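# A structural walkthrough
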Amino acid sequence: MLKTGVLISGRGSNLQSLIAACATPGFPAEIACVISNKADAGGLDHARKANIPAHVIPNRDYPTREAFESALDAKLEEHNVQLVCLAGFMRILTPWFVNRWRDRLINIHPSLLPAFPGLDTHQKAIDYGAKLAGCTVHFVRAEMDHGPIIMQAAVPVLNGDDEQTLAARVLQAEHKAYPQALRLIAENRVNVFEERTFITDATASGEALFNPEA
Ligand code: GRF
């Protein structure tokens, strides 16, 4: 069982999808702890309900980013965490932390990277007129929303979409993609070579997603 730590700052719907996946029989990962930098993060309740150790480490209590990240690191080590999942964790991590957890630290971002990194990604996709949106699970590098891609899922952008409707459609895909990426890693099927990943025994339907369809 791959011991996984999840870092959150907010509502934790992706955390919930990981908790649900880990509860299914035969799933090769378990959530060893959840850490939030915000005491009021809704996701903490998901962890507590599932009897997963839930910790609050407020970044404001620490004089520097490094001191905050040392506390995160110590808590992850205390739980013998092998892989860290960022799930709506709203702090930029320093190169020290990122390199310490290199290829053992993953993130989910709600766009098809490298398009639309950063915040307001759904509005940016709508404003640009993109016809496909989606999400990306990737290994974390020091540059924000950058790093070897493990998995992507695409959804259409529809004519009447606003930020909320598009976000909701992408979020549904996120809730499938993140557990699947975790499974691939836990099954040792993800290899990083020259900043690309290669997935052992990967399958895909081969079908194109068209938008518009006619
Ligand atoms: C998700 O859209 C995720 O892709 C992004 O932050 C959001 C977190 O949502 N990194 P939740 O807290 O998992 O519901």
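Residues numbered from 1 in each chain as written. Predicted model: local features only at pLDDT ≥ 70, side-chain atom pairs only at ≥ 80, totals over all residues. Heavy atoms only, no water.

## Observations regarding the domain arrangement of the protein chain
Partitioning the protein chain into structural domains gives domain 1 (1–101) and domain 2 (107–201). Just the C-alpha atoms count here: the centres of domain 1 and domain 2 sit 19 Å apart. The interface of domain 1 with domain 2 comprises 20 residues on the first partner and 17 residues on the second. Approximately 1600 Å² of surface area, both sides summed, lies buried where domain 1 meets domain 2, with 75% of it carried by carbon and sulfur atoms. One can count zero salt bridges joining domain 1 with domain 2. Summed over the shared surface of domain 1 and domain 2, the result is three residue pairs in polar contact (both at pLDDT 80 or more). Breaking the side of domain 1 that touches domain 2 down by element, the ones donating at least two residues are strand E1 (2–8), helix H1 (13–22), strand E4 (83–86) and helix H4 (95–100). Here the side of domain 1 that touches domain 2 takes six residues from H1, the largest share from any one element. (Domains from an automatic or database assignment. Contact = heavy atoms within 4.5 Å. Buried area = accessible area lost by both parts, 1.4 Å probe. Salt bridge = Lys/Arg side-chain N within 4 Å of Asp/Glu carboxyl O. Polar contact = N/O pair within 3.5 Å; in protein donor to acceptor, adjacent residues only side chain to side chain. Helix = DSSP H or I, 4+ residues; strand = E, 2+ residues; numbered from the N terminus.)

## A few points about the site of the ligand
Inspection of the region around the ligand gives Arg11, Gly12, Ser13, Asn14, Gly88, Ile108, His109, Pro110 and Glu174 as its neighbouring residues. Residue arginine 11 places a side-chain N or O atom 2.5 Å away from an oxygen atom belonging to the ligand. A distance of 2.8 Å separates an oxygen atom of the ligand from a polar backbone atom of asparagine 14. Protein coverage of the free-state accessible area of the ligand, which is 370 Å², stands at 85%. (Near = heavy atom within 4 Å. Areas by Shrake-Rupley, 256 points an atom, 1.4 Å probe, with all protein chains shown as cover.)

## Overview of unusual backbone geometry
A cis amide bond, omega 15°, links leucine 113 with the succeeding residue proline 114. Tracing the backbone through its elements, the reader meets proline 114 in the loop between strand E5 (105–109) and helix H5 (121–128). Each neighbour pair has its own omega, and for asparagine 211 with proline 212 the value is 0°, a cis peptide bond. Within the secondary structure layout, proline 212 lies in the segment after strand E9 (196–199). Phi angles above zero are rare outside glycine, and asparagine 80 is one such case at about 55°. On the secondary structure map, asparagine 80 appears in the loop between helix H3 (65–78) and E4. With a phi angle near 55°, aspartate 120 is a residue other than glycine that sits in the positive phi range.

## Comments concerning the side chain of histidine 79
Take histidine 79: it is sitting in the loop between H3 and E4. What histidine 79 contacts, discounting residues up to four positions off in sequence, is Lys3, Ala32, Cys33, Pro53 and His55.

## A closer look at the nonpolar core
Counting residues in each nonpolar core, the largest one holds 43 residues, and the members touching the most others are Val6, Ile31, Ile106, Ile150 and Leu182. Top contributing element to this core by residue count: helix H6 (residues 163–186), with 10 residues. Leave out the neighbours within four places in its chain, and isoleucine 31 touches Thr4, Val6, Leu15, Leu18, Ile19, Cys22 and Ile52. Among the nonpolar cores identified, the runner-up in size contains 19 residues, and Ile57, Ala71, Phe89 and Val98 belong to it. (Core = buried A, V, L, I, M, F, W, Y, C linked by side-chain atoms within 4.5 Å. Buried < 20%, exposed > 50% of the residue type's maximum accessible area, 1.4 Å probe, protein only.)

## Here's the deal with the pairing of E5
Both faces of the sheet carry side chains from a regular strand, because those side chains alternate between them. E5 sits mainly inside the fold: five of its five residues count as buried. Burial along E5 is two-sided: Leu105, Asn107 and His109 facing one way and Ile106 and Ile108 facing the other are all buried. Bridging between E4 and E5 involves three bridges; their strand directions are parallel. Directly across from cysteine 85, in E5, lies its bridge partner isoleucine 106. Between the parallel pair E4 and E5, the chain is carried across by H4, and the sense of this crossover is right-handed. (Pairing = 2+ DSSP bridges. Right-handed = clockwise from strand over helix to strand, strands pointing away.)

## Here's the deal with the sheet that holds strand E7 (residues 149–156)
Here seven strands make up an open sheet; going across it, the order is E3-E2-E1-E4-E5-E6-E7 and the pairing mixed. The two strands at the open ends of the sheet, each matched to only one other strand, are strand E3 (54–56) and E7. Strand-to-strand twist in this sheet, taken as the mean axis angle between neighbours without regard to direction, amounts to 20°. Judged from the seven bridges that link them, E1 and strand E2 (residues 29–36) form a sheet pairing that is parallel. What sits directly across from leucine 2, in E2, is alanine 29. In this fold H6 packs onto E1, E2, E4, E5, strand E6 (132–139) and E7, with an angle of close to 155° to the strand it touches most, E7. (Axes fitted to C-alpha atoms, helices over the stretch in contact; angles between N-to-C directions.)

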